[in-house]
Amino acid sequence: TRSLTITSVDPSTFEKAQGEKVTLPCTFELSEEDEGPLDIEWVLIPADNQKREKIIIMYAVDRVYDQYYGSVTKRMQFSKLDPRSGDGSLDIMNLKAEDTGTYQCKVKKAPGVQSKKIQLTVLVKPARTKCSIEGSQEIGKDITLKCVSQEGSPLLSYDWRRVSGTQDVPATSVLNKNTGELLLKNASREYSGTYHCVASNRVGTDECSVELNVTPPVNTAAIIIGAIIGTLLGLSVLCSIIFCFCKKHREKKYEKEVHHDIREDVPPPKSRSSTARSYIGSNRSSLGSMSPSNMEGYTKTPYSQVPSEDFERAPPPNPAFAPSKVAAPNLSRMGAVPVMIPAQSKDGSIV
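Residues numbered from 1 in each chain as written. Predicted model: local features only at pLDDT ≥ 70, side-chain atom pairs only at ≥ 80, totals over all residues. Heavy atoms only, no water.

> I'd like a rundown of the overall build of the chain, residues and numbers included.
The helix and strand tally for the chain stands at three helices and 18 strands. Within the span of the chain, comprising 351 residues, buried residues form 29% of the whole. The contacts of the chain with a sequence gap of at least 6 include a subset with a gap of at least 24, amounting to 56%. Split by element, the accessible area of the chain, about 23500 Å² in all, is 54% carbon and sulfur. (Helix = DSSP H or I, 4+ residues; strand = E, 2+ residues; numbered from the N terminus. Buried < 20%, exposed > 50% of the residue type's maximum accessible area, 1.4 Å probe, protein only. Contact = heavy atoms within 4.5 Å. Areas by Shrake-Rupley, 256 points an atom, 1.4 Å probe, with all protein chains shown as cover.)

> I'd love a proper account of the pairing of strand β11 (residues 112-123), names of residues and values included.
Of the pairings in the sheet, the one linking strand β2 (residues 13-17) to β11 comprises five bridges and is parallel in character. Following the sheet pairing, Glu15 is matched in β11 by Thr121. In this sheet, β11 lies alongside strand β10 (residues 101-109) in antiparallel orientation, the contact comprising nine bridges. The residue bridging Thr102 from the neighbouring strand is Gln119, located in β11. Linking β10 to β11, which pair antiparallel, is a turn of two residues. (Pairing = 2+ DSSP bridges.)

> Summarise the sheet that holds strand β8 (residues 76-78); cite the residues concerned and give the values.
Here three strands make up an open sheet; going across it, the order is β3-β9-β8 and the pairing antiparallel. The sheet terminates laterally at β3 (22-24) and β8, the two strands that pair on one side only. Ignoring which end each strand starts from, the neighbouring axes of this sheet average 25° apart. As paired elements, β8 and strand β9 (residues 90-92) share three bridges and run antiparallel to each other. Considered in β9, the bridge of Gln77 is made with Asp91. (Axes fitted to C-alpha atoms, helices over the stretch in contact; angles between N-to-C directions.)

> I'd love a proper account of the state of the cysteines, names of residues and values included.
Under the criterion given, the structure shown has three disulfides. In this model Cys147 forms its disulfide with Cys197; the gap between the sulfur atoms is 2.1 Å. Measuring the twist about the S-S bond at about -90°, one finds the Cys147-Cys197 disulfide to be left-handed. Taken together, the positions of Cys147 in strand β13 (residues 143-151) and Cys197 in strand β17 (residues 193-201) put the pair 50 residues apart, joining distant regions of the chain. (Disulfide = S-S within 2.5 Å.)

> So, the nonpolar core: which residues are in play, and what are the values?
Grouped together as the largest cluster of nonpolar side chains are 25 residues, with contacts concentrated most on Leu24, Trp42, Ile92, Tyr103, Val107 and Leu120. Those elements that place two or more of their residues in this core are β3, β5 (39-45), β6 (54-60), β8, β9, β10 and β11. In this structure Leu120 touches Phe14, Val22, Ile92, Leu95, Asp99, Thr100, Gly101 and Tyr103, once residues within four positions along its chain are discounted. Counting 18 residues, the second largest nonpolar core, distinct from the first, contains Leu145, Ala187, Tyr195 and Val214. (Core = buried A, V, L, I, M, F, W, Y, C linked by side-chain atoms within 4.5 Å.)

> Got a sec to walk through a nonpolar patch on the surface? Specific residues and values, please.
On the surface, a nonpolar cluster with roughly 570 Å² of combined accessible area is contributed by Ile224, Ile228, Leu232, Leu235, Leu238 and Ile242. The residue Ile228 is located in helix α1 (residues 220-261) in this model. Judged by its relative accessible area of 47%, Ile228 is partly exposed. (Patch = residues over 30% accessible without salt bridge, like charges linked within 9 Å, V, L, I, M, F, W, Y side chains within 5 Å. Salt bridge = Lys/Arg side-chain N within 4 Å of Asp/Glu carboxyl O.)

> So what's going on with the pairing of β5? Residues and values would help.
Of all seven residues in β5, six are buried, a share of seventy percent or more. Here β5 runs beside β6; their pairing, made up of six bridges, is antiparallel. Residue pairing in the sheet places Asp39 in a bridge with Ala60 of β6. As paired elements, β5 and β10 share seven bridges and run antiparallel to each other. Along β10, the bridge assignment pairs Trp42 with Cys105.

> Run through the sheet that holds β5, naming residues and quoting values.
What the six strands build is an open sheet, ordered β2-β11-β10-β5-β6-β7; its pairing is mixed. One side of each edge strand has no neighbouring strand; the edge strands of this open sheet are β2 and β7 (63-65). Between one strand and the next, the sheet's axes are offset by a mean angle of 20°, whatever the strand orientation.

In structure tokens form, the structure reads like this:
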């Protein structure tokens, strides 16, 4: 007796790149004994056995059901509009990494039931590959060239070559194709040049370049001495700035204190010499208008009432003149020229 048979002979394993399209085949033949309704179902079996199977798309009772999961809606569909023709193949557009898994096609038409499993692997092309240099680029040093792709499905493979000069890498170099590291031992000036790295997997490649410049060793001692001298100069400049700032601050503080000590509302004291001179000047003016009629009143004026310390003491006697009733003041102390004062004798004459 004949029964329902899946006739797909295509390979059961597919590898595709991300963003591409794949068709998972599932063709079948019905027998005369299969009289029940046709039922076609695609199921995704996760790699983790702890997770449940997911129904992706289904054909039943002459209708397609594809609204089970939002992430696959509009990306997965039957290859034929009418699967009853014997073709229940599945098309998946714009492949993503999460589409990787085992897909099972189940065809049912009572009493016949058949199924087929297909393994799909979605690979990501290498992308955002970066090249770098690790180690000091000096003669005699070991230098490591690194190449890493930020994206890409394993297994990734890396390969290095020189762009400038000969395309062969130095004979002493060691390449690790899995990590992308190229070790250059005991580097010399001839190692300088542009190096090119190619990252690849089964679905694509990506590239990057780096420039290597091997130079003589740097004079470390000169650098240290220069750094010390520069530090000392910097400290001396800083100390000078601090000293000038403190000095200026002290000067401002002193000027402020002196300004507060001076009282502008108190007049300066009068000197004694100016008081005595003003008094002598007034007496001189009175002597200029002296006559026999007012001489008597003038001689009675006591000179001991002059408001100054210079007139408290009596002048010493002068032997060159006869003693009179009025003693002339000592004008030499006051810085003035002595003045001869006339006196009146008993007979009324002026001497």
